[in-house]
Amino acid sequence: KDDMNDVLEKIIRAEALVVSGFPTFFSVNALTKTFIERMYPLKHNKMLTRGKLGIVVAGGFREPDVVADYLSFFFSWFKMELLGTLKIGGNAPCLSCGYGETCDYSNVTIMHGEGAQIKSEMFYSFENDEDSKQEALLLGQRLGAAL
């Protein structure tokens, strides 16, 4: 038992949804996928999401296109109008797990080369991503105008 029924009621009342996810194992993360699957009662038989507006936010240190495609298909499948997609960066868990410089499978090594040392400039920060912040502003304005 959880609060998903309350969440579904809020979705029914909402005019728009912003759904985000990040890639794990070259697909959308499990929490986002579970959320989408648990929305099935809104689709089944009545399509209670038809005509709602939507925005996708796809983040991750690699493969954001896979997430963007997956979530775009979700909006289409639920008969919602996708207003746009924001793709943002992310951080490899290896940067903060404590073994990023020594693990044989580290993304630090894959992305920065053998012997790479973790440095602050390797970390993605949305707050410092002026292009993504501008795109988010434009998407927010587009959503506001559509509503």
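Above this text you will find the structure in question.
**Student:** Explain the packing of aromatic side chains to me, and be specific about the residues and the numbers.
**Tutor:** Inspection of the entire model under this criterion finds four aromatic pairs. Ring centres 5.1 Å apart and planes at 75 degrees place the aromatic pair Trp 77 and Phe 78 in the edge-to-face group. With a relative accessible area of 0%, Phe 78 lands in the buried category. Here a set of aromatic residues connected by ring pairs shows up, and it is made of Tyr 40, Phe 74, Phe 75, Trp 77 and Phe 78. The side chain of Lys 43 reaches across the aromatic face of Trp 77, ending 4.4 Å from its centre.

**Student:** Talk me through the pairing of strand β5 (residues 81-88); I want residue IDs and the actual numbers.
**Tutor:** Relative to β5, strand β4 (residues 53-59) runs parallel, the two being bridged by seven bridges. Across the sheet, residue Leu 53 finds its bridge partner in β5, namely Glu 81. Between the parallel elements β4 and β5, the chain passes through helix α4 (residues 64-77) in a crossover that is right-handed.

**Student:** Tell me about the sheet that holds strand β1 (residues 16-21), residues and numbers included.
**Tutor:** Read across the open sheet, the three strands follow the order β1-β4-β5; overall the sheet is parallel. Two strands bound the open sheet, and with one partner strand each, they are β1 and β5. Adjacent strand axes in the sheet meet at a mean angle of 15 degrees, parallel and antiparallel pairs treated alike. The sheet contacts of helix α6 (residues 130-146) involve β1, β4 and β5, and relative to β5 the element is tilted by about 165 degrees.

**Student:** Any details on α4? Residues and values, ideally.
**Tutor:** When the terminal C-alpha atoms of α4 are compared, their 20 Å separation across 14 residues agrees well with the 20 Å that a helix rising 1.5 Å per residue should span. Where α4 is concerned, the buried positions are Pro 64, Val 67, Ala 68, Leu 71, Phe 74 and Phe 75. Angularly, the buried residues of α4 cover 120 degrees about the axis, an arc narrow enough to put them on a single face. Exposed positions of α4 whose direction lies more than 90 degrees from the buried face are Asp 69 and Phe 73. Considering only its buried residues, α4 is in contact with β1, β2 (23-24), β3 (27-28), α2 (30-37), β4 and β5. Positive backbone phi, at 60 degrees, marks Lys 79, one or two positions downstream of α4.

Thresholds, definitions, all that
Residues numbered from 1 in each chain as written. Predicted model: local features only at pLDDT ≥ 70, side-chain atom pairs only at ≥ 80, totals over all residues. Heavy atoms only, no water. Phe/Tyr/Trp six-rings, centres within 6.5 Å; stacked < 30°, edge-to-face > 60°. Buried < 20%, exposed > 50% of the residue type's maximum accessible area, 1.4 Å probe, protein only. Lys NZ or Arg CZ within 6 Å of the ring centre and 35° of its normal. Pairing = 2+ DSSP bridges. Helix = DSSP H or I, 4+ residues; strand = E, 2+ residues; numbered from the N terminus. Right-handed = clockwise from strand over helix to strand, strands pointing away. Axes fitted to C-alpha atoms, helices over the stretch in contact; angles between N-to-C directions. Contact = heavy atoms within 4.5 Å. Expected span 1.5 Å × (residues − 1). Arc of directions from axis to C-beta.

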